[in-house]
Amino acid sequence: MEAMTLEKDQTAVAPCGVAPAPPCAMVILGAAGDLTKRLLVPALYDLVLEERLPPQFRLVGVAVTPLTTADWKQSLTDMMRQFVAEDDGEFHADHIDEKAWRWLTERMTYVQGDLNDPEMYRRLRDLLSDLDKNAGTAGNYLFYLAVPDRLFGPAIGRLGAAGLLQEGKDHWRRVVIEKPFGHDLESARALNAQILKALKEHQIYRIDHFLGKETVQNVMALRFANGLFEPIWNREHIDHIQITAGETVGVEGRGKFYEKTGALRDMVPNHMFQLLAMTAMEPPISFEAEAVRAKKAEVIEAIRPMTEEEALRNAVRGQYGTGTVLGRRVKAYREEPDVAPHSTTETFVAFKLNIDTWRWAGVPFYIRTGKYMSRRRTEIAIRFHQAPFSIFRGTDVERLHSNWMILRIQPDEGIGLEFAAKRPGPTVTLGNVSMDFAYKNYFKLAPNTGYETLLYDCMIGDATLFQRADNIEAGWRAVQPILDAWAKNPPKDFPNYSAGTSGPATANELLARNGHGWRGLD
Ligand code: BG6
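The structure reproduced in this document is the subject of the present report. (Residues numbered from 1 in each chain as written. Predicted model: local features only at pLDDT ≥ 70, side-chain atom pairs only at ≥ 80, totals over all residues. Heavy atoms only, no water.)

With that out of the way, let us pick up the sheet that holds strand S8 (residues 315-318). As summarised here, the arrangement of the 8 strands in space is S8-S12-S13-S7-S14-S15-S16-S17, forming an open sheet in which the pairing is mixed. Edge positions in the sheet fall to S8 and strand S17 (430-438), since each of these pairs with one other strand and no more. Across the sheet, the mean angle from the axis of one strand to that of its neighbour is 15°, orientation sign disregarded. Bridging between strand S7 (residues 238-246) and strand S13 (residues 365-370) involves 6 bridges; their strand directions are parallel. From the neighbouring strand, glutamine 242 faces S13, where its bridge partner is tyrosine 366. Here helix H10 (residues 262-280) sits on the sheet and contacts S7, strand S12 (348-353), S13, strand S14 (377-384) and strand S15 (404-410); the angle it forms with S12, its principal contact strand, is near 40°. Across the sheet, helix H15 (residues 469-488) lies against S8 and S12, angled at about 55° from S8, the strand it touches most. (Pairing = 2+ DSSP bridges. Helix = DSSP H or I, 4+ residues; strand = E, 2+ residues; numbered from the N terminus. Axes fitted to C-alpha atoms, helices over the stretch in contact; angles between N-to-C directions. Contact = heavy atoms within 4.5 Å.)

So, about the packing of aromatic side chains. Taken as a whole, this structure holds 17 aromatic pairs when the rule is applied. Taken together, the ring pairs connect Tyr258, Tyr320, Tyr333, Phe348, Tyr372 and Tyr497 into an aromatic cluster. Positioned over the ring face of tryptophan 172 is arginine 174, at 3.9 Å from the centre of the ring. One cation-aromatic arrangement involves lysine 213 over phenylalanine 210; the distance from NZ or CZ to the ring centre is 4.8 Å. (Phe/Tyr/Trp six-rings, centres within 6.5 Å; stacked < 30°, edge-to-face > 60°. Lys NZ or Arg CZ within 6 Å of the ring centre and 35° of its normal.)

Turning our attention to the site of the ligand. Lining the immediate surroundings of the ligand are Lys179, His209, Phe210, Lys213, Glu247, Arg254, Asp266, Met267, His271, Lys371 and Gln410. Arginine 254 has a polar side-chain atom sitting 2.5 Å from an oxygen atom of the ligand. In the model, an oxygen atom of the ligand is placed 2.7 Å from a nitrogen or oxygen of the glutamine 410 side chain. Protein burial of the ligand: of its 390 Å² of free accessible surface, 78% is covered by the chains. A class-by-class count of the residues in the shell around the ligand yields 2 nonpolar, 3 polar and 6 charged. (Near = heavy atom within 4 Å. Polar contact = N/O pair within 3.5 Å; in protein donor to acceptor, adjacent residues only side chain to side chain. Areas by Shrake-Rupley, 256 points an atom, 1.4 Å probe, with all protein chains shown as cover. Nonpolar A, V, L, I, M, F, W, Y, C, P; charged D, E, K, R; others polar.)

Spelled out as structure tokens, the structure:
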């Protein structure tokens, strides 16, 4: 934007208190797709508003769709306008700042080409070296793979063959990879091996958009920036932990993808395990990327491996039938487009796991996620041990309540602490009360798709919020016994929950066996 202070002083600190990223070109492979329109470009726009992009920034979109640069810009502009009009997309804004939007669109170029065609990469290389000369992008390139996962390996191979991944003393080359990173342990290992032929580990940014959520990052702040909680964050004080991601969306036209994925692969080794790692990791010795990532990998590696029999006992799956979600009648999963009429793909998963460390021995962790549940709610619920005995003998107090700490990831972001208090009055009776912290009461939340932080971090080379090869493989290793056991034993009772409910009855039985119960979603 001509008038932006960045134009005058590139090293200035942006309004959000951080310096702009270094000069670079970001290249999105798969630029005509939904991810680009719905999340990446809106996030870049937010970064422009926050003056976190340098004046030399350039955005190159690559896709096979026949478009000109002008067409591409127009389709992105239309999308931004639609967001404002509808205001229920991933990106929220009540208007588009025309100056900031122009700043970004002026820096865009579209390259039409096939990702399997080596000639396309030569054209891309020529364009990027022109940008280095004429726009000052300094040879720093960030490649974003917004493409189907089968293209990850081949596209990286071709970028490498075109010399585009070669770093130098004064320039960097980085590649961002979206999920799914493999579909089981073996394929994840093979993909890691394949891309590590063309890239060094430090050049790879495996993205998990849950880590872009402020509330997820805040779990570390809660635990390690306060003296109060960490001393009780262990088996001595914690009875069990429930991690839930309930969704009120179905498969939203993604039947083809979802049929071969299912809830376990789609949500657990990535998003749910990020929440688990943040909650259960040991304190890192610093906030350096390697220190944090090592502790996260360690705790996922400490998940106790299950035998086939344990997997069948400790994990339950569900598939939704017809039902009513948020007042709207919806079809059964098996009636969705591109879904087999007798599909055995799960849309719900719940399981119990144990972490074999001194901190967590004997503390069950319950994980639950599903589509078309009664309420959208992602939370980490920590139940503390009850008081060791009741002193309230001879009073009206029949039983003691449990203490819970609830980390609300989304929506209604915040933290709640539930405990008992004496009800006012002449007799002794107790009521369950709650102390509550809501983000919106303390902080002005910037418009955020979750990708702003992650994209900026890639540009400045901060890998703290990204997954290393070992993090990814540890996640798959932990769920592999469930995948294997389920593949051998197809479900017989699908569909086994109605859309708009909290999942199948077997999920309740899983906890009841230990005398526990899920927290309600409503
Ligand atoms: C995606 C999954 O990775 O995460 C989707 O593929 C899921 O199926 C989504 O709906 C959930 O993310 P969020 O940010 O909407 O909670």
